[in-house]
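What follows is the residue order along each chain.
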Amino acid sequence: MGLNKKKAELLVLCVCVLVLCSCGRQKPESRNHLYAGVACYNKSDTFLSQFIICLKEQFDNLGSDDFEVSMTVRDAAGSQRTQDDQVKELIAAGCNILCVNLVDRADPSEIINLAKEKGIPIIFFNREPVAEDMMQWDGLYYVGANAEQSGVMQGELAADVIKAGSMADRNKDGKIQFVILEGEPGHQDAIIRTENAVDTLKKQGIVLEKLCCGIANWNRAQAQNRMMQIISQYQNGIELVLANNDDMALGAIDAYKKLNYTESALPVFLGIDGTDAGLEAVIEGKLAGTVYNDKEKQAQAIAELAVSIIKKGKTAGEGTKAVTEKTGDVNSKYIYLPYSKVTSGNAAGFLDKESKAVK
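Residues numbered from 1 in each chain as written. Predicted model: local features only at pLDDT ≥ 70, side-chain atom pairs only at ≥ 80, totals over all residues. Heavy atoms only, no water.

(A) Expanded view of the nonpolar core. Grouped together as the largest cluster of nonpolar side chains are 63 residues, with contacts concentrated most on L34, F59, I123, L181, M227 and I238. When near neighbours in sequence (up to four residues on either side) are disregarded, F59 contacts L34, A36, V69, M71, C99, A303 and A306. The next biggest cluster of nonpolar side chains, apart from the first, holds 23 residues, and it includes A158, I162, A168 and A197. (Core = buried A, V, L, I, M, F, W, Y, C linked by side-chain atoms within 4.5 Å. Buried < 20%, exposed > 50% of the residue type's maximum accessible area, 1.4 Å probe, protein only. Contact = heavy atoms within 4.5 Å.)

Below is the structure:
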């Protein structure tokens, strides 16, 4: 009996050793493998869907024989609760860095706590958490663009069109009657883009009369429906439409098209983001202009920052410093990339830039 017992104990010990060795082989060294878990607020968002394609390209480019890079994307479809659960799943699946595009920028605490508990850094992107939340832990970063700059540039583009004598002031009353199509209610970028576009127009000496502000949640179909309601109220009285993104600007154009308005009766339309459809609309003369949100450079910054963190175990400030010369303005935990104005004269160049970036 004693001999059999010893054999049994030895057998159990061997099995344990084999299991441990097997686990060791399956789990990659943390410095040789980057497994990025990407959580996005809603992939039906045109800009975001194009952004994710750029991000995958950047991660793929940074992989090598001795450094494996993989990426898993989860779509919260506009639900913060769903996104919280998806982050739990990504962590459980073995992600060693998280890239998070928040559903609710004011409610990141659960995600931060989950990541902090496991020591997994987070790179927030596109939707910036409030400053207080970013200070909860030194493993938090943000990559994006300055919303104020996009609003200023949109206002400058609108002012240039109006000053060029493009017949924007159709009723010749010395004022520009305008409509705002805004993103989500209370969303920081929507508010900042709107305020700065309008303030810039005023500073440029343009006299404005605001007719209406409609919420369309960054969505083209919603913008079309909302704009049809606004047109029914103001008819030919609308001379300028400022939209917080290209999709909503294009939705406004769709509304006029559906109502069979002639080209001479259309207002001036301007968007923000420089999506493929937005750039094509500028080239075709449907949009007077847009503001390019540099998703290629932002995706590059995220990927390079993630690699720097995993390879070198950098802290927030050191990690951003490692990529700042290539990517843009950096301030400890933050990397901001500049916007660019897009007109009919340079829109084709931005489309060409996108096609090259995806190749």
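Having seen it, we continue.
(B) Main features of the pattern of salt bridges. This model, assessed by the stated rule, comprises 10 salt bridges. A salt bridge links K56 to D60; its shortest N-O distance comes to 3.0 Å. Here D60 and K56 lie together in helix α2 (residues 46-62), a separation of 4 residues that amounts to about one turn. Overall, the relative accessible area of 45% leaves K56 in the partly exposed class. The salt bridge involving K295 is made with E296; its shortest N-O contact spans 3.8 Å. Across the pair, E296 and K295 agree in class, each one buried. Among the charged side chains, a network of salt bridges with common partners joins D85, K88 and E110. (Salt bridge = Lys/Arg side-chain N within 4 Å of Asp/Glu carboxyl O. Helix = DSSP H or I, 4+ residues; strand = E, 2+ residues; numbered from the N terminus.)

(C) Expanded view of the pairing of strand β3 (residues 97-100). Of the two faces of β3, the one holding I97 and C99 and the one holding L98 and V100 are both buried throughout. Across 3 bridges, β3 lies against strand β4 (residues 122-125) in parallel orientation. Considered in β4, the bridge of C99 is made with I123. (Pairing = 2+ DSSP bridges.)

(D) Highlighting the packing of helix α3 (residues 80-92) against helix α4 (residues 109-118). It is the contact of α3 with α4, at a shortest axis distance of 9 Å, that shows an interaxial angle of 10°. In this view, α3 runs roughly parallel relative to α4, as classed from their interaxial angle. For the pair α3 and α4, contact is made by Q80, Q83, D84, V87, K88 and I91 and by E110, I111, L114, A115 and K118, respectively. (Axes fitted to C-alpha atoms, helices over the stretch in contact; angles between N-to-C directions. Parallel < 35°, antiparallel > 145°, perpendicular 65-115°, else oblique.)

(E) The packing of aromatic side chains, seen in detail. As enumerated under the stated definition, the model contains 8 aromatic pairs in all. An angle of 35° between the planes, with centres 4.7 Å apart, marks the rings of Y292 and F350 as tilted. Placement of Y292 in strand β10 (residues 290-292) and of F350 in helix α13 (residues 347-358) is noted, with a sequence separation of 58 residues between them. Judged on exposure class, the residue Y292 and its partner F350 are both buried. The interplanar angle of 5° and the centroid separation of 5.8 Å between the aromatic rings of Y334 and Y336 together place this pair among those described as stacked. Of the residues examined, Y336 reaches a relative accessible area of 22% and is grouped as partly exposed. Counting every residue linked through ring pairs, the aromatic cluster contains F47, F51 and F125. Here the basic side chain of R127 rests over the ring of Y41, its NZ or CZ set 3.5 Å away from the ring centre. Here K311 stacks its cationic end above the ring of F67, 4.7 Å away from the centre of that ring. (Phe/Tyr/Trp six-rings, centres within 6.5 Å; stacked < 30°, edge-to-face > 60°. Lys NZ or Arg CZ within 6 Å of the ring centre and 35° of its normal.)

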